[in-house]
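# Coordinate analysis (summary)
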Amino acid sequence: MSIPTFPQMQHFFTLVADGKVTTKNFQAFLANPNGFVKDVKKEKFSSFVIAAKYGYTVVEDVEPSQFKVKNLKFITFLESGESYITGETMRQRAVTLKGNIGLVDGQYLLDHQDEIPKEMRGKYIVFPGTLLRGSGDDLDVAYLSWLGFCWVLSFGWLGTDWGGSDRFARCE
């Protein structure tokens, strides 16, 4: 049996503070912890679980999309004459350009990375639909980057500039 990690405990206390863990449901868990295992398995790919694995908490999130990788279109979010934009502008354009997918979708892409088009190598696939808070209290978003032999899930500070190598994935 493994013990809870620090990010998991942080998430737990956040749920308590938000009133999502009540005395009643906490007592029910203590009385029968195995009764909750089924629900955890269903949420294997929830943003909260993925974020906690990397030491983040979820601030905002979108519903996961239903797509096949072959049906995605990878689009730039820069407009003519722009070299880069702020993270907030990037997140606003994600909604407008229908590229506002989140961390669960990013994990799905990572799990199906052999299906990501080769022409995307050298680009960054950004998941602006999930806003994360790291240990330094900064706001971040997740993205996939190509390491030369595989895709990896990384996290970028929202306060940085986002530019020409960054792409949204849009469901077509």
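## Observations concerning the pairing of strand β6 (residues 151-157)
The element β6 is extensively covered by neighbouring structure, given that 5 of its 7 residues are classed as buried. When strand β5 (residues 139-146) meets β6, the two strands line up antiparallel, connected through 7 bridges. Looking across to β6, one finds that leucine 144 is bridged to leucine 153. Between β5 and β6, which pair antiparallel in sequence order, lie 4 residues; one of them, glycine 148, sits at a positive phi of approximately 100 degrees.

## Remarks on the confidence of the model for the chain
Taken as a whole, the chain shows an average pLDDT of 86; of its residues, 82% reach a score of 70 or greater. Below pLDDT 50 for its whole length, residues 36-44 participates in 5 contacts with residues either more than four positions away or in separate chains.

## Details of the pattern of salt bridges
Applying the stated criterion to the full structure yields 5 salt bridges. In this structure, glutamate 60 and arginine 91 form a salt bridge, with 3.2 Å as the shortest nitrogen-oxygen distance. Here glutamate 60 is found in strand β1 (residues 57-60), whereas its partner arginine 91 is found in helix α5 (residues 87-96), with 31 residues between them in sequence. In this structure glutamate 60 comes out as partly exposed when scored by relative accessible area, which is 40%. Linked by salt bridges that have partners in common, Glu79, Glu82 and Arg93 make up one network.

Basis of the calculations
- Residues numbered from 1 in each chain as written.
- Predicted model: local features only at pLDDT ≥ 70, side-chain atom pairs only at ≥ 80, totals over all residues.
- Heavy atoms only, no water.
- Buried < 20%, exposed > 50% of the residue type's maximum accessible area, 1.4 Å probe, protein only.
- Helix = DSSP H or I, 4+ residues; strand = E, 2+ residues; numbered from the N terminus.
- Pairing = 2+ DSSP bridges.
- pLDDT = per-residue confidence, 0-100.
- Contact = heavy atoms within 4.5 Å.
- Salt bridge = Lys/Arg side-chain N within 4 Å of Asp/Glu carboxyl O.

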